[in-house]
Amino acid sequence: MFIGSQTGGCTKKEAEGMRLGGKYELGRTLGQGNFGKVKYATHLETGHVYAVKVLEKDKIIRLKITGQIVREISTLKLLKHPNVVRLYEVIASKSKIYMVLEYVNGGELFDIIASRGRLSEARGRRLFQQLIDAVSYCHDRGVYHRDLKLENVLIDKKGNLKISDFGLSALPQHFREDGLLHTTCGSPNYVAPEIIYNRGYSGATSDIWSCGVILYVILTGDLPFDDRNVAVLYQKIFKGDAPMPKWLSLGAKNLIKRILDPNHATRITVAGIKADDWFKQDYKPAFPNEEEEEGTLIVDEASSADKTPAKVENNPELPALINAFQLIGMSSYLDLSGFFENEEASERKIRFASPHSRKDSLERTIQLMTEMGYHVQKISSEAGVKLKVMQKCKNQCSLSVIAEVFEISTSLCVLELRKLHGDSTIYRQLCKRLASELGVPSSPDLLAV
């Protein structure tokens, strides 16, 4: 999420021809990412300002982030809390998806810490209280964020915290029969140790761990676990022994240690955090927004300005909670069928855990790749051995991958794959086969960096 910190409208030239659904006037660009832009918008009748995330269908398909966008829309429709970025409407055209979001103009917490350094304990505690209130609210509704980090925490003009970016979130239907989640995802510095082990984990306890990392950064200005070598980083996470500056209060130190407990079974819960003496100082609980929710609209951008889109919530034949698949499918005049294709494996670097020794994992990897017809070449590296994997088709290289195995412990390794170039479908097949051979219980859309 990159909702900018500037305010104001836009020039007449910028506004021309930028009416959305007959309700909003789109202004200047607040931010831009790989998937599209975020624009400043003004409601034509009320004058209220919003941030509109403009998602281009072609880019979403090309970047393989369909699943994340669908999940974010589905999740945000469930949440109405003062410390969670609000989704008001979703408007679709033949080429774009528009998410009308709450306008948060204070910037990312990451930028604030990066530019100003650590916050005072009083200020940091207030933000952490709001973070826990928001996370507790989400968990009570069966939503687990799974990518909590400073970059996904926004601050409004009043200094209040807002959680954003629910693209990796999990809902009740994502749990397996064992009551656990099994998709390994998140940002390496914030990820809980049980996620790396890849044996199933609780969305609640893993989110709490990430909250602990955020609290540590807020109060110290540094990450509790950090290293350029992924093996060393994961070893630090498994130990959970974050360095405690002498100037931190005893209460803050104790709470951080209870949150960053590498044993998920003994890690402090949300209820335990709320009962903690340090946390309770000047605590003012936040309450969910009770105002009536606006209807979610589907609008054909090219249609007549007088055409009135239907409010989907008013249709008795529709389910009470809709997801993005249903949302787009309700409109017969929109050609968005290509938007929801099966997501391919990420073209970025991915990592997943292997419950085998480094030697065994390396041998299994080489054997499987060779059986699949790949040419495997060992190359030296600072960490040990890398594998350069190539598949040729008609005298041309159709896929080239670098693979490396990092030892975390005698019975746990991390396999890192990085596609240099080639067909994404073939790359996906390779990742799935390799994950299956190494006993990884979930699909390898893991720990993307």
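Residues numbered from 1 in each chain as written. Predicted model: local features only at pLDDT ≥ 70, side-chain atom pairs only at ≥ 80, totals over all residues. Heavy atoms only, no water.

To continue, consider the overall build of the protein chain. Of the regular secondary structure elements, the protein chain holds 14 helices and 13 strands. Within the protein chain, the fraction of its 449 residues that count as buried is 52%. Carbon together with sulfur atoms contributes 47% to the accessible area of the protein chain, which is approximately 20900 Å² in total. (Helix = DSSP H or I, 4+ residues; strand = E, 2+ residues; numbered from the N terminus. Buried < 20%, exposed > 50% of the residue type's maximum accessible area, 1.4 Å probe, protein only. Areas by Shrake-Rupley, 256 points an atom, 1.4 Å probe, with all protein chains shown as cover.)

Next up on the list: the pairing of strand S6 (residues 96-102). Most of S6 sits out of view: six of its seven residues are buried. Where strand S4 (residues 49-56) and S6 come together, seven bridges link them in antiparallel fashion. Counterpart to Val 54 in the pairing with S6 is Tyr 98. Here five bridges tie strand S5 (residues 87-92) to S6, and the two strands are oriented antiparallel to one another. For Val 90, the partnering residue across the bridge sits in S6 and is Met 99. (Pairing = 2+ DSSP bridges.)

With that settled, consider the pattern of salt bridges. In this structure the tally under the stated criterion is 11 salt bridges. Lys 162 is the partner of Glu 102 in a salt bridge, and the nearest nitrogen-oxygen pair spans 2.7 Å. Of this pair, Glu 102 sits in strand S6 while Lys 162 sits in strand S8 (residues 161-163), and the two are 60 residues apart along the sequence. Judged by relative accessible area, Lys 162 falls into the buried class, the value being 7%. (Salt bridge = Lys/Arg side-chain N within 4 Å of Asp/Glu carboxyl O.)

A few words now on the environment of Ser 206. Looking at the secondary structure, you find Ser 206 in helix H7 (residues 203-220). For Ser 206, a relative accessible area of 2% puts it in the buried group. Spatially, the C-alpha atom of Ser 206 lies 8.4 Å from that of Pro 193, the residues being 13 residues apart in sequence. Residues in contact with Ser 206, not counting those within four places in the same chain, are Ala 192, Glu 194, Ile 195, Tyr 201 and Arg 267. (Contact = heavy atoms within 4.5 Å.)

Here the focus is the sheet that holds strand S1 (residues 19-20). If you walk across this open sheet you meet the six strands as S1-S2-S3-S4-S6-S5, and the pairing is antiparallel. The open sheet has two edge strands, S1 and S5, and neither has a second partner. Strand contacts of helix H3 (residues 66-76): S4, S5 and S6, with the helix running at about 40° to S6, the strand carrying the most contacts. (Axes fitted to C-alpha atoms, helices over the stretch in contact; angles between N-to-C directions.)

What follows is about the UniProt feature "binding site: ATP" (unreviewed entry) in the protein chain. UniProt's feature table lists "binding site: ATP" (unreviewed entry) at Lys 53, given in the numbering used throughout. Take Lys 53: it is sitting in strand S4. Among the polar contacts listed, one links the side chain of Lys 53 to the side chain of Glu 72, at a separation of 3.3 Å. (UniProt positions renumbered as here; feature names shortened; annotations may be inferred. Polar contact = N/O pair within 3.5 Å; in protein donor to acceptor, adjacent residues only side chain to side chain.)

With that out of the way, let us pick up the nonpolar core. Counting 78 residues, the largest nonpolar core has Leu 109, Phe 128, Ile 214, Leu 255 and Ile 273 as its most contacted members. Top element by residues in this core is H7. It accounts for 10 residues. Counting contributing residues per domain, this core is built from domain 1 (17-103) and domain 2 (106-171 + 187-284), each supplying no fewer than three. Excluding its chain neighbours within four sequence positions, the residues that come into contact with Ile 273 are Phe 128, Ile 132, Ile 208, Leu 255, Ile 259, Ile 268 and Phe 279. Counting 19 residues, the second largest nonpolar core, distinct from the first, contains Ile 350, Ala 403, Val 405 and Leu 434. (Core = buried A, V, L, I, M, F, W, Y, C linked by side-chain atoms within 4.5 Å. Domains from an automatic or database assignment.)

With the rule as written, the count across this model stands at seven aromatic pairs. A ring pair is formed by Tyr 24 and Tyr 50, whose centres lie 5.6 Å apart and whose planes are at 90°; its orientation type is edge-to-face. Residue Tyr 24 is located in strand S2 (residues 24-32), and its partner Tyr 50 is located in strand S4; the two are separated by 26 residues in the primary sequence. Residues Tyr 24 and Tyr 50 agree in their burial class; the two are buried. Judged by centre distance (4.6 Å) and plane angle (35°), the rings of Tyr 197 and Phe 238 are tilted. With Tyr 197 in helix H6 (residues 193-197) and Phe 238 in helix H8 (residues 230-239), the pair connects residues that are 41 residues apart, well separated along the chain. On the accessibility criterion, Tyr 197 (32% relative accessible area) is partly exposed. (Phe/Tyr/Trp six-rings, centres within 6.5 Å; stacked < 30°, edge-to-face > 60°.)

What follows covers unusual backbone geometry. Positive phi, normally seen in glycine, also occurs at Asp 165, with a value near 55°. With respect to the helices and strands, the residue Asp 165 is situated in the loop between S8 and H6. A residue is classified by how much of its surface remains accessible, and Asp 165, at 15% relative accessible area, is buried.

This next bit is on helix H9 (residues 250-259). Looking at H9, one finds that the buried residues are Ala 252, Lys 253, Leu 255, Ile 256 and Ile 259. Contacts from the buried residues of H9 go to helix H5 (121-140), H7, helix H10 (270-275) and helix H11 (277-280).

The contact between helix H13 (residues 358-371) and helix H14 (residues 424-437) brings their axes to 10 Å, and the two run at 135°. Taken together, the axis directions place H13 and H14 in an arrangement best described as oblique. Read as a crossing pair, H13 and H14 show a hand that is right-handed. Of H14, the residues touching H13 (which contributes Arg 364, Thr 365, Leu 368 and Met 369) are Leu 430, Arg 433, Leu 434 and Glu 437. The class makeup of the residues in the contact of H13 with H14 is four nonpolar, one polar and three charged. (Parallel < 35°, antiparallel > 145°, perpendicular 65-115°, else oblique. Left-handed = near helix turned anticlockwise from the far one by under 90°. Nonpolar A, V, L, I, M, F, W, Y, C, P; charged D, E, K, R; others polar.)

Low pLDDT marks stretches whose predicted atomic positions should not be read closely. The predicted model of the protein chain averages 76 in pLDDT, with 74% of residues at 70 or higher. Scored below 50 in pLDDT, residues 1-17 makes 50 contacts in the model with residues more than four places away or belonging to other chains. Below pLDDT 50 for its whole length, residues 292-347 participates in 114 contacts with residues either more than four positions away or in separate chains. (pLDDT = per-residue confidence, 0-100.)

Further remarks concern the environment of His 43. Tracing the backbone through its elements, the reader meets His 43 in strand S3 (residues 36-43). For His 43, a relative accessible area of 10% gives the class buried. Here the alpha-carbon distance between His 43 and Leu 20, two residues 23 residues apart in the chain, equals 9.5 Å. With near-sequence residues (within four places) excluded, His 43 lies in contact with Lys 23, Tyr 24, His 48 and Tyr 50.

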